[in-house]
Amino acid sequence: MIEIEEGSGNVYQDLGLPDCSEMQVKAQLAAKIGEIIKARHLTQIQASEILGLSQPKLSEMLRGKFRGISEAKMMECLSHLGRDVQIVVKAAPRSRKEGRIEVVFA
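Residue numbers restart at each chain and count upward from 1, following the sequence in its written direction. A pLDDT threshold of at least 70 governs which residues receive local features in this predicted model, and a stricter bar of 80 or more applies before side-chain atom pairs are shown or counted, although totals over entire chains, interfaces and linings include all residues. Only hydrogens and water are set aside; all other atoms, that is, all heavy atoms of the structure, feed into the side-chain values.

Student: How should the layout of surface pockets be read in this particular structure?
Tutor: By rolling a water-sized probe across the atoms, one finds the places where empty space is left. Taken as a whole, the largest pocket spans an internal volume of roughly 970 Å³. In terms of lining residues, the largest pocket is bounded by 26 residues, among which Gln 86, Val 88, Glu 102, Val 103 and Val 104 are the most central. Only DSSP runs of H or I reaching four residues or more are called helices, and only runs of E reaching two or more are called strands; each is numbered from the N terminus. For the lining of the largest pocket, the secondary-structure elements that each account for two or more residues are helix H2 (20–39) and helix H5 (71–80). Under this grouping Gly is polar, as are all residues other than the nonpolar Ala, Val, Leu, Ile, Met, Phe, Trp, Tyr, Cys and Pro and the charged Asp, Glu, Lys and Arg. Looking at side-chain class alone, the lining of the largest pocket contains 16 nonpolar, two polar and eight charged residues. Grid points spaced at 1 Å and placed over the protein atoms alone form the basis of the search, with a cavity being a set where a 1.4 Å probe fits but cannot get out and a pocket an open set showing protein on both sides within 12 Å along at least five of seven lines. Lining residues have an atom within 4 Å of a point. Grid points are joined across faces, edges and corners, and a volume is the space filled by probe spheres set on the points. For the second largest pocket, the calculated volume is near 160 Å³. As for the second largest pocket, its lining consists of Asn 10, Gln 13, Ser 21, Arg 100, Ile 101 and Glu 102. Taken together, the residues of the lining of the second largest pocket sort by class into one nonpolar, three polar and two charged.

Rendered as structure tokens:
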């Protein structure tokens, strides 16, 4: 019989990787950047010119290798792709000791 364990919702946390919250946010931002590039039918070369990234760096980011790219740079990329980015800070519910970082796409 195969043992099944419920995940936390963050694969990086489940794998025990450092900076798991940051990596989850970056993964979500990179996925959205990829969706927009695909929807606009841009080549990676065209997209890299718009985003101010080299084509190899863009390719790595879209394949999940984004350790060298900051969250701020990824948000800047979304802005260059015609998206507004808002950062909202609010109090966490009393049921949690710490806040959490999440990405919400409208």
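Student: Sorry, what's going on with unusual backbone geometry here?
Tutor: For residues other than glycine, phi is negative in most cases, and the peptide bonds are mostly trans. Even without being a glycine, Asp 19 presents a positive backbone phi close to 55°. Examined against the element boundaries, Asp 19 turns out to sit in the loop between helix H1 (11–14) and H2. We call a residue buried when its accessible area falls under 20% of the maximum for its residue type, exposed when it is over 50%, and partly exposed in between, using a 1.4 Å probe and counting protein chains only. Taking the relative accessible area as the measure of exposure, Asp 19 reaches 48% and is therefore partly exposed. Backbone geometry places His 41, a non-glycine residue, at a positive phi of 55°. Judged by relative accessible area, which is 69%, His 41 ranks as exposed.

Student: What am I meant to see in the pattern of salt bridges here?
Tutor: Where side chains of opposite charge bring their charged atoms close, a pairing between them can arise. Salt bridge, as used here: a side-chain nitrogen of Lys or Arg that lies within 4 Å of a carboxyl oxygen of Asp or Glu. Throughout the structure, instances matching the rule amount to three salt bridges. One salt bridge connects Lys 32 with Glu 35, and the closest N-O pair in it is separated by 3.4 Å. With Lys 32 and Glu 35 both in helix H2 and three residues apart, the pair spans about one turn of that helix.

Student: Whenever I open this one, a nonpolar patch on the surface confuses me. Can you help?
Tutor: Patches here: salt-bridge-free residues with over 30% relative accessible area, like charges joined within 9 Å, nonpolar side chains (Val, Leu, Ile, Met, Phe, Trp, Tyr) joined within 5 Å. Accessible areas in this description were obtained via Shrake-Rupley with a 1.4 Å probe; residue shielding takes into account the shown protein chains only. Taken together, the side chains of Val 11, Leu 15 and Leu 17 present a nonpolar region at the surface, about 280 Å² in accessible area. Note that Leu 17 resides in the loop between H1 and H2.

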